[in-house]
Amino acid sequence: MLLENKVAVVTGGTRGIGYAIVKEFLKEGAAVVLCGSKPETAEKAVSSLKNENDRWKVSGISPDLTNYESTKAAFDKIASEFGRIDVLVNNAGVSAREPFTSYTQEMFSKVIDLNLTAVYNCSRAVVDGMKEKGGGVILNTSSMVGTYGQPSGIAYPTSKFAVNGFTLSLARELGPFGIRVNAVAPGVTNTDMVKVLPKEVIEPLKQSIPLRRVGEPEDIANAFVFLASEKASYISGVVLHVDGLART
Ligand code: NAD
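Report on the accompanying structure. This is a predicted model, so every value here is computed, not measured.

Moving on, we get to the overall build of the protein. Of the regular secondary structure elements, the protein holds nine helices and seven strands. For 248 residues, the compact-globule estimate of 2.2 N^0.38 gives 18 Å, and the protein sits close to it at 17 Å. With respect to the principal axes defined by its C-alpha atoms, the protein has extents near 50 × 35 × 35 Å. Out of the 248 residues belonging to the protein, those deemed buried represent 48%. Put simply, 73% of the contacts in the protein that link residues at least 6 apart link residues at least 24 apart.

What follows is the structure, given as structure tokens:
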């Protein structure tokens with residue numbers, strides 16, 4: 001198994017891409033702590049995973065990721081319980097699809113706080129421990145729109161461009177300590193957000209993608225497994241596009 005004996009924390013692990021990452025990590029032998037926005041959603045995700053396999057080592061927490069102290073306290077608790085955090089996956093994210101002229105500062109801050117500041121908070125909270133242990137892996141969830149932009153919802157692509165910059169820069173800074181930092185940039189992925197789209201929208205969308213389908217959460221999760229594993233031991237500072245070549 002690719003992640004045997006690894007301790008991983010996955011933010012936004014209660015549904016969608018994050019849930020698939022947690023599940024694939026568990027299948028590969030990792031112990032995983034998932035973060036949800038509320039204790040109830042974290043508990044629900046944990047019990048659904050335990051129902052699938054009661055030997056999986058999974059638990060849930062719900063710190064306020066936009067607040068450094070709350071995040072640090074929760075992550076320190078994990079490190080003292082498990083002895084270390086080997087892999088951090090910064091996956092939690094939100095968007096607000098509004099045209100720029102009605103995009104309020106409140107919307108802008110909400111997206112930036114979770115998609116960018118929380119990535120800083122979580123990474124900052126694990127890095128001293130990783131340095132002490134001589135290494136670790138930090139993985140961020142970017143997006144195809146973090147390279148190409150999108151015509152509405154300005155804070156979302158902006159946050160993902162920043163996540164890419166954060167990834168490349170932190171990879172350079174932390175490389176000498178044995179810490180690899182990478183990002184995965186999903187294309188359109190079949191989560192709740194996409195499942196509600198009508199057939200008239202989804203069919204032309206699929207036809208515009210060279211691989212002729214939208215991504216499944218497992219497609220994205222597999223890239224995270226690879227980057228978290230020793231198979232990617234010489235890879236740092238990359239933004240890996242997992243999007244069926246949906247790049248325009
Ligand atoms: P989703 O809405 O299904 O899941 C989002 C996750 O973030 C949930 O687990 C939720 O609990 C968590 N979350 C939301 N607000 C939070 C908060 N305030 N505090 C803590 N956690 C919070 O979304 P998804 O599609 O699975 O997206 C996961 C990641 O993938 C995001 O970073 C998103 O930007 C990125 N992404 C998604 C797609 C796509 O097409 N679905 C494409 C590119 C990138």
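Take the packing of aromatic side chains next. As enumerated under the stated definition, the model contains one aromatic pair in all. Relative to F108, the ring of Y103 has its centre 6.4 Å away and its plane inclined at 80°; by these criteria the two rings are edge-to-face. What makes Y103 buried here is its relative accessible area of 11%. According to the relative accessible area criterion, F108 is partly exposed, its value standing at 33%. The side chain of K131 reaches across the aromatic face of F177, ending 4.2 Å from its centre.

With that settled, the discussion passes to the site of the ligand. Close to the ligand lie 24 residues, the nearest being T14, I17, N91, Y156 and T189. Contacts to the ligand include G12, whose backbone N or O atom sits 3.0 Å from an oxygen atom. A distance of 2.8 Å separates an oxygen atom of the ligand from a polar backbone atom of N91. Protein burial of the ligand: of its 830 Å² of free accessible surface, 87% is covered by the chains. Looking at the shell around the ligand, the elements that each hand over two or more residues are α1 (16-27) and α6 (155-174). Residues that form the shell around the ligand fall into these classes: nine nonpolar, 13 polar and two charged.

Across its 14 residues, helix α2 (residues 39-52) extends 20 Å between first and last C-alpha, which sits within 8% of the 20 Å expected from 1.5 Å per residue. Listing the buried residues of α2 in full gives A42, A45, V46 and L49. In an axial view of α2, the angular spread of the buried residues amounts to 100°, which keeps them on one side of the axis. In α2, those exposed residues whose orientation departs by more than 90 degrees from the buried face are E40, E43, K44 and N51. Tucked into the core, α2 has its buried residues touching α1, β2 (31-35) and β3 (58-61).

With respect to burial, strand β6 (residues 179-186) is a largely interior element, eight of its eight residues being buried. Where burial is concerned, the two faces of β6 agree: the one with I179, V181, A183 and A185 and the one with R180, N182, V184 and P186 are both buried. Both strand β5 (residues 136-141) and β6 contribute to a ladder of six bridges, which runs parallel. Directly across from V137, in β6, lies its bridge partner R180. Pairing of β6 with strand β7 (residues 239-242) involves four bridges; the strand directions are parallel. Bridge assignment links P186 to a residue of β7, and that residue is V242.

This paragraph deals with the pattern of salt bridges. Here the structure, examined in full by the defined rule, presents eight salt bridges. Measuring nitrogen to oxygen at the nearest pair gives 3.1 Å for the salt bridge that ties D76 to K72. Here D76 and its partner K72 are both found in helix α3 (residues 68-82), four residues apart, which amounts to about one turn of the helix. A relative accessible area of 36% means that D76 is categorised as partly exposed. On the basis of relative accessible area, K72 is assigned to the partly exposed category, the value being 23%.

Attention now goes to the sheet that holds β7. Reading across the sheet, the seven strands line up as β3-β2-β1-β4-β5-β6-β7 and stay open at both edges, with parallel pairing between neighbours. On the outer flanks of this sheet lie β3 and β7, each paired with one strand and no other. Between one strand axis and the next, the sheet turns through 20° on average, direction left out of account. With respect to the sheet, helix α4 (residues 105-133) is in contact with β1 (7-11), β4 (87-90), β5 and β6, its orientation differing from that of β4 by roughly 175°.

About the cut-offs
- Residues numbered from 1 in each chain as written.
- Predicted model: local features only at pLDDT ≥ 70, side-chain atom pairs only at ≥ 80, totals over all residues.
- Heavy atoms only, no water.
- Helix = DSSP H or I, 4+ residues; strand = E, 2+ residues; numbered from the N terminus.
- Rg over C-alpha atoms; globule rule 2.2 N^0.38 Å.
- Buried < 20%, exposed > 50% of the residue type's maximum accessible area, 1.4 Å probe, protein only.
- Contact = heavy atoms within 4.5 Å.
- Phe/Tyr/Trp six-rings, centres within 6.5 Å; stacked < 30°, edge-to-face > 60°.
- Lys NZ or Arg CZ within 6 Å of the ring centre and 35° of its normal.
- Near = heavy atom within 4 Å.
- Polar contact = N/O pair within 3.5 Å; in protein donor to acceptor, adjacent residues only side chain to side chain.
- Areas by Shrake-Rupley, 256 points an atom, 1.4 Å probe, with all protein chains shown as cover.
- Nonpolar A, V, L, I, M, F, W, Y, C, P; charged D, E, K, R; others polar.
- Expected span 1.5 Å × (residues − 1).
- Arc of directions from axis to C-beta.
- Pairing = 2+ DSSP bridges.
- Salt bridge = Lys/Arg side-chain N within 4 Å of Asp/Glu carboxyl O.
- Axes fitted to C-alpha atoms, helices over the stretch in contact; angles between N-to-C directions.

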